[in-house]
Every structure is written in structure tokens, then in C-alpha cells.
Amino acid sequence: MNFKDKIRIIPDFPKPGIRFKDITTLLRDGQALRAAVQEIANRFRDEKIDLVVGPEARGFVIGTPVAYELGCGFVPLRKPGKLPAETAKMEYGLEYGKDALEIHLDAIQPGQRILLVDDLLATGGTTRAAVELVEKLGGQVVGLAFLIELTYLEGRKQLGDKEVFSLVQY
Ligand SMILES: O=P(O)(O)OC[C@H]1O[C@H](OP(=O)(O)OP(=O)(O)O)[C@H](O)[C@@H]1O
Ligand SMILES: Nc1ncnc2[nH]cnc12
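Within each chain, residue numbers correspond to sequence positions counted from 1 in written order. Throughout, the order in which chains and ligands are written sets their labels, letters from A for the former and numbers from 1 for the latter. Thresholds applied to this predicted model are a pLDDT of at least 70 for local features of residues and 80 or more for the giving and counting of side-chain atom pairs; totals over whole chains, interfaces and linings are not thresholded and use all residues. Water and hydrogen atoms were dropped before computing side-chain values, which therefore reflect all heavy atoms in the structure.

### Here's the deal with helix 3 (residues 58–70)
Then, in step 1: Look at helix 3: 19 Å from first C-alpha to last across 13 residues, which is about the 18 Å you get at 1.5 Å a residue.
Then, in step 2: Of the positions making up helix 3, those classed as buried are G59, I62, G63, V66 and A67. The buried residues of helix 3 occupy an angular sector of 130° when projected down its axis, which confines them to one face.
Then, in step 3: Structurally, helix 3 contributes buried residues whose contacts are with helix 1 (24–27), helix 2 (30–44), strand 3 (51–55), strand 4 (73–77), strand 7 (113–121) and strand 8 (140–149). Starting at the N terminus, helices and strands are each numbered in turn, a helix being any DSSP run of H or I of at least four residues and a strand any DSSP run of E of at least two. Here, expected helix span is obtained from the residue count minus one, scaled by 1.5 Å. Remark: exposure states derive from per-residue accessible area (1.4 Å probe, protein chains only) relative to the maximum for the residue type, with buried under 20%, exposed over 50%, and partly exposed in between. Regarding the arc, it is the one traced by the directions from the helix axis to the C-beta atoms. Throughout, a residue-residue contact means that at least one pair of heavy atoms, one from each residue, lies within 4.5 Å.

Next up, the structure:
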């Protein structure tokens, strides 16, 4: 499957100079969605993943079906003020701004093997914040998986020697 053919590029969104990778065109194609989810899940099938963790919002769309495919649970990282129980919070920078993510303090048990899933790796700010939240709770991040990696932003450099898997690179 050529996933690049399924992703639409919108110039100057949400700010001038940003070439936005629009995955809605891939998501609405049933065969492409299934193939993408299965390719990510297949890569981590032998890694004894306990939980998939994904950031709001596009990380939910890809992360939850990957968790379903792996037969494990899904933990959401949410934008501030959305999670109802006690949380930990981490702020981070983005390609086009800054934001923060929160996690429920009881979402992960110490030692659990975690796969982080998001649609796209850009600067790595979101993923780094996600890794820090998981590790703060005692989780072990065994892999990071993305549909898309913007290699020119060198997000991998933020992520140390963690295993990074992406389906499509720009
Ligand atoms: O590597 P980074 O520079 O951190 O950028 C990548 C993040 O940016 C996008 O999310 P966004 O915050 O736009 O939120 P959304 O999923 O709610 O659209 C994307 O879904 C990743 O989570
Ligand atoms: N260029 C981009 N396209 C889509 N989502 C993004 N998130 C961060 N940078 C992005």
C-alpha cells in the first residue's frame, strides 16, 4: 500500500509556511486505514505490549485501533482540563505553537510495557512529553509508532535511543 498517495498536503495551514499533512483522506479509505493499523500492530506484535498510549486527538484515531489489534488497552493523553480524575501534566512545544497534555495518575502500573502511538512525528515535542508522562508513572516505553514522520524536523533526536517506527517519511 502506498500510504503517501492517501495523504493530502495543505500548504500554509494552520500558519504560513507549514505544509499540513492531512490524514482525513487516508482515514476515510477503509482499505488504507486497515492496512496502516495492521502494519503498525504487526511491527509490535511480539513486544508483549500491555497498553497503547495516544495523545489527543489524532493519536486516539490511530492508537485505539492499534490497541484493539494487539488485544491490549488504550490510555488517552488529553489536553488540559478534560480528564476527570487526578492527573499529571506536561507542557511542550509544537511545529506551530505550544500545548500541554495530561494523564490519569492511575492509568499505568509501574513496569507496564507501553507503545506510544500518534499520527505524526514532527518536532518530537508531543512525543517527548508523552514519554515523560508515561515514565513518571513508572511505565516502560518500548516503542513509538507513527503514520507519518517529518524527518527534516529531526524529532527522533528528542527521543534518545527509543525504537521509532513510521509508515511514511517526508
Ligand atoms: O512532533 P510535534 O511537533 O509535537 O507535532 C506532532 C503533533 O502535532 C499534531 O497534534 P496537534 O497538537 O496539532 O493536535 P490534534 O491531534 O488535536 O490535531 C500531531 O497529531 C502530533 O500529535
Ligand atoms: N506539518 C504537519 N502536518 C500535520 N500535523 C502536524 N503536526 C505538527 N506538524 C504537522
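Let's pick the thread back up.
### Remarks on the UniProt feature "domain: Phosphoribosyltransferase" (unreviewed entry) in the protein
Then, in step 1: UniProt positions are given in the numbering used here, feature names are shortened, and annotations may be inferred rather than shown by experiment. UniProt feature "domain: Phosphoribosyltransferase" (unreviewed entry): in the numbering of this structure it lies at residues 29–167.
Then, in step 2: Taken end to end, residues 29–167 is 29% helix and 35% strand, and its two terminal C-alpha atoms sit 16 Å from one another.

### Focus: the nonpolar core
Then, in step 1: Remark: nonpolar core denotes a set of buried residues (Ala, Val, Leu, Ile, Met, Phe, Trp, Tyr, Cys) joined through side-chain atoms within 4.5 Å. I40, V66, L115, L147 and L167 are the most contacted members of the largest nonpolar core, which totals 29 residues.
Then, in step 2: Listing elements by their share of this core, those giving two or more residues are helix 2, helix 3, strand 7, strand 8 and strand 9 (164–169).
Then, in step 3: With 7 residues, helix 2 is the single largest residue contributor to this core.
Then, in step 4: Beyond its immediate stretch of four places on either side in the chain, L147 contacts I23, A36, I40, I62, D118, D119, S166, L167 and V168.
Then, in step 5: One finds Y92, L101, A129 and V131 within the second-largest nonpolar core, a separate group that totals 24 residues.

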